[in-house]
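Listed here are the chains, written in short residue letters.
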Number of protein chains: 2
Amino acid sequence: MNTVANEVINPTQMESYIQTLGSKAFEAKAVLASASTTQKNEALLKIAEAIASHQKEILAANQKDLLEAESSGLESSLKDRLTLSEKSVALMVESLMQIRALPDPIGSISDLRYQPSGIQVGKMRVPLGVIGMIYESRPNVTQEAAGLCIKSGNVVILKGGKEALHSNQAILAAIHQGLAAANLPLAAVQLINTTRREAVTHLIRMNQYVDLIIPRGGKGLIETIAKESRIPVIKHLDGVCHVYVDIAADIEKALKIVINAKTQRYGTCNTMETLLVHEEIAPLFLPSIIEKLLEKGVELRGCEETRVFSKQVITATEADWSCEYLAPILSIKMVSDLNQAIAHISTYGSHHTDAIVTENWNNAQRFLKEVDSSSVMVNASTRFADGFEYGLGAEVGISTDKFHARGPVGLEGLTSEKFIVLGDGHIRS
Amino acid sequence: MNTVANEVINPTQMESYIQTLGSKAFEAKAVLASASTTQKNEALLKIAEAIASHQKEILAANQKDLLEAESSGLESSLKDRLTLSEKSVALMVESLMQIRALPDPIGSISDLRYQPSGIQVGKMRVPLGVIGMIYESRPNVTQEAAGLCIKSGNVVILKGGKEALHSNQAILAAIHQGLAAANLPLAAVQLINTTRREAVTHLIRMNQYVDLIIPRGGKGLIETIAKESRIPVIKHLDGVCHVYVDIAADIEKALKIVINAKTQRYGTCNTMETLLVHEEIAPLFLPSIIEKLLEKGVELRGCEETRVFSKQVITATEADWSCEYLAPILSIKMVSDLNQAIAHISTYGSHHTDAIVTENWNNAQRFLKEVDSSSVMVNASTRFADGFEYGLGAEVGISTDKFHARGPVGLEGLTSEKFIVLGDGHIRS
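Quick caveat, the model's predicted, so the values are computed rather than measured.

**Some points on the sheet that holds strand E8 (residues 272-278) of chain B**
The strands that make up a sheet pair up through hydrogen bonds in the backbone, lying either parallel or antiparallel. The 10 strands are arranged E1(A)-E2(A)-E16(A)-E13(B)-E12(B)-E7(B)-E8(B)-E11(B)-E9(B)-E10(B) in an open sheet whose pairing can be described as mixed. The strands lining the two open edges of the sheet, one partner per strand, are strand E1 (109-114) of chain A together with strand E10 (314-315) of chain B. Taken together, the 4 bridges between E1 of chain A and strand E2 (residues 120-127) of chain A define a ladder with antiparallel strand orientation. Across the sheet, the residue bridging to Ser-110 of chain A is Lys-123 of chain A, located in E2 of chain A.

Here it is, written out as structure tokens:
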């Protein structure tokens, strides 16, 4: 299993290599689907223990990746994400124990009701089957994805970043040790053991074996995968998030929320990128928020009406309204009412996360209903859009699609519901 | 609206015609999404009334279609489906009133819970947006699809069978009269006013405007659409349904269920196509079921072990096990245990509907858990797999996929859930 060394896989062998992983995953599917909660939790515990006891090997493998990254001139932000430490290994162990503590979604039955014919009809939650997880340099996605898939009774094929191959192989060895200790098939978690990109192309076309593709990484990667995949994809593209400060906003709450939504972290998808301000509250709110944001070193780009309040706000261009800065930059637009705010979000937003700050019941209700985003908030910071904050446990990703899973995707996003029908010799008349 | 006559649409105009329908649908989306339950129910009532009062026009248009079908030599089964009568118009009215009586799924909030940070997080059910519905000759799909979409706050673009164009136009006129009376935009329901097939190609690629494609019709149509669509598709391919008569089956129940599952209707997707029988119960069960099925005129194709019981059972070939006969033909296979039954269903089934007949608790539980089909049944006829029988109200289709919607798809399948977050100035720390 997974012993194919990178160098022996040439392009012509690649497709059959990926097919082999696929068919092994497919075979393991029924075992994982019917594994008991106890057995799955035992596997998670044993994997956590194996990762803890193999800390040395994992860090050594990571060192090897870092040395190669050094010589190939990898940019420093990628190197940051690649780097593991004793602390990150401890966090990997901790994350597995948290997944272990989550309730098992599989087998739960809901809405079981008698129908007029006398049959009982309900829904049973079941695994999706085989998940293909494609991610970039962070090696700690490896054990997290494995943990979430095991807990939800799914089999997973992992394709990590090429820079992280040695780290991922070392983590996989610990995962396999844990699976073996819990008497689960090693094929439950497989790693595509190559740095070659064609591997992804074959994986996302293998719809006879794989039920779902989850890409985690840059927009380019996700767009390409979504376009070429023959398998459903849970995708998350931009996070162009808005905070709208309504005419009826509480100024103190608005200041707190806007500062938090923009400056708590700049590089995350749930960070606010555009601030919308009702024109009647602007004179009370804009001068102080502008001052506070400038103090924090945030560059401000505003519409002409906003610029009246400060010369330090530069002119926003049309492109600013749909830009995900992921940086200390904020665009600000004044709007004449709630309708205009909702229309702006609908035109320029990315259906990720948008918030209103208001004390007005009706405006809050309208915003909740009419804004078509995966998370819609009232009087809270957009930074809350996160699986842990939502009580889902670990997060597989954030879906900005409407289909199947929307918003932060936890264990449930890796499952579906089938109908069950219970009778006692019932026939249809 | 929809006044473009078929003959003026030449191939080069087709794409822009479909784009125009798409952009009108897109514009109507927000109005439908925020329409109140009262307003949507009013529209359904007014449409029902308009269909009833336009019965004469609808039947005259249908007569025109039937005359054209006659002269073009349409096959009789298609002509049957195309034909409307006073009774079918009454049923159309009745189906709209039933949809009106269903609870409105939109805006319902579930799982609203406080999180440790103090925010409340829950899920709100919302429409998908714009649905593209592609169907074949039955004109009564027109008002049913329109009704389901209106009730669920969605906009719909309809592409009916080319044989039914006049009927569909007449039904659409009544739908528009009802929408106008309820003050909803006519673009909520549009009909692609052409018999040309390229219209479908443009529709399923228009992912900037359309959120979901639902094809209803033959396997060929659905396969082509699923392959070429750039939009998610709710698809239903084969229904190769099984009944497994377990060693612990009650013979009387087994006889009743098998006869019903096979012979109540032959042409439906939830009809049993393969009967699996445990070898130890076979001597008690097979002789009488074979006799009863032959009496009903069902052709039987069995494995060698089955044929021991009757010379009138002909030899089944490998192809029989995965064949959806949709006809008075049944394949029969003897199995040595539950494992073999489940393995057979997994290999040859279509993940549609499969049933076990047993009095054994453990076997029933294992079958429910391990059979990976959209409906799994115990001691009930596969013929129950149907939106009405499941209490979903009308049915949009039956999905054999695992994603988003599985099994009979009712109103909920036309919706998704977004997260809502309620705070009081909460920020993330």
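**Quick look at the state of the cysteines**
All names here are of chain B. This model, assessed by the stated rule, comprises 0 disulfides over all chains. Not engaged in a disulfide, the cysteine Cys-323 finds its nearest cysteine sulfur in Cys-241; these two sulfurs lie 13 Å apart. Note on Cys-323: relative accessible area 28%, which makes it partly exposed.

**Structural notes on the relation of the copies chain B and chain A**
Between the two copies, chain B and chain A, the superposition gives an RMSD of 0.0 Å; the rotation angle is 180° and the shift along the axis is 0.0 Å. Look at the turn and shift together and you get a two-fold axis relating the two. In terms of proximity to the rotation axis, the leading residue of chain B is His-404 of chain B, whose C-alpha is 1.9 Å off the axis. Here 100% of the contact residues of chain B are again contact residues in chain A; the copies associate through an equivalent surface.

**A short note on unusual backbone geometry**
All names here are of chain A. Even without being glycine, Leu-326 reaches a positive phi, approximately 50°. Looking at the secondary structure, you find Leu-326 in the loop between strand E10 (314-315) and strand E11 (329-335). Phi is positive for His-404, which is not a glycine, with a value near 65°. By secondary structure assignment, the location of His-404 is in the loop between strand E14 (397-399) and strand E15 (407-409).

**Focus on the sheet that holds strand E3 (residues 130-135) of chain A**
Residues and elements named next belong to chain A. The 4 strands are arranged E5-E4-E3-E6 in an open sheet whose pairing can be described as parallel. Of all the strands in the sheet, just strand E5 (189-191) and strand E6 (212-216) have a single pairing partner and so form its edges. Between one strand and the next, the sheet's axes are offset by a mean angle of 20°, whatever the strand orientation. Two elements, E3 and E6, share 5 bridges in a ladder whose sense is parallel. Residue Ile-131 lies in a different strand from E6, and its bridge partner there is Leu-212. Helix H9 (residues 219-228) rests against E3 and E6 of the sheet, and its axis sits at about 160° to E6.

**Quick word on the environment of Thr-400 of chain A**
All names here are of chain A. Mapped onto the elements, Thr-400 comes out in the loop between E14 and E15. Classification of Thr-400 as buried rests on a relative accessible area of 15%. Beyond its immediate sequence surroundings of up to four residues, Thr-400 is in contact with Lys-235, His-236, Leu-237, Asp-238, Ser-350, His-351 and His-352.

Quick notes on the rules
- Residues numbered from 1 in each chain as written.
- Chains lettered and ligands numbered in written order.
- Predicted model: local features only at pLDDT ≥ 70, side-chain atom pairs only at ≥ 80, totals over all residues.
- Heavy atoms only, no water.
- Pairing = 2+ DSSP bridges.
- Helix = DSSP H or I, 4+ residues; strand = E, 2+ residues; numbered from the N terminus.
- Disulfide = S-S within 2.5 Å.
- Buried < 20%, exposed > 50% of the residue type's maximum accessible area, 1.4 Å probe, protein only.
- Least-squares fit on C-alpha atoms with pLDDT ≥ 70 in both.
- Contact = heavy atoms within 4.5 Å.
- Axes fitted to C-alpha atoms, helices over the stretch in contact; angles between N-to-C directions.

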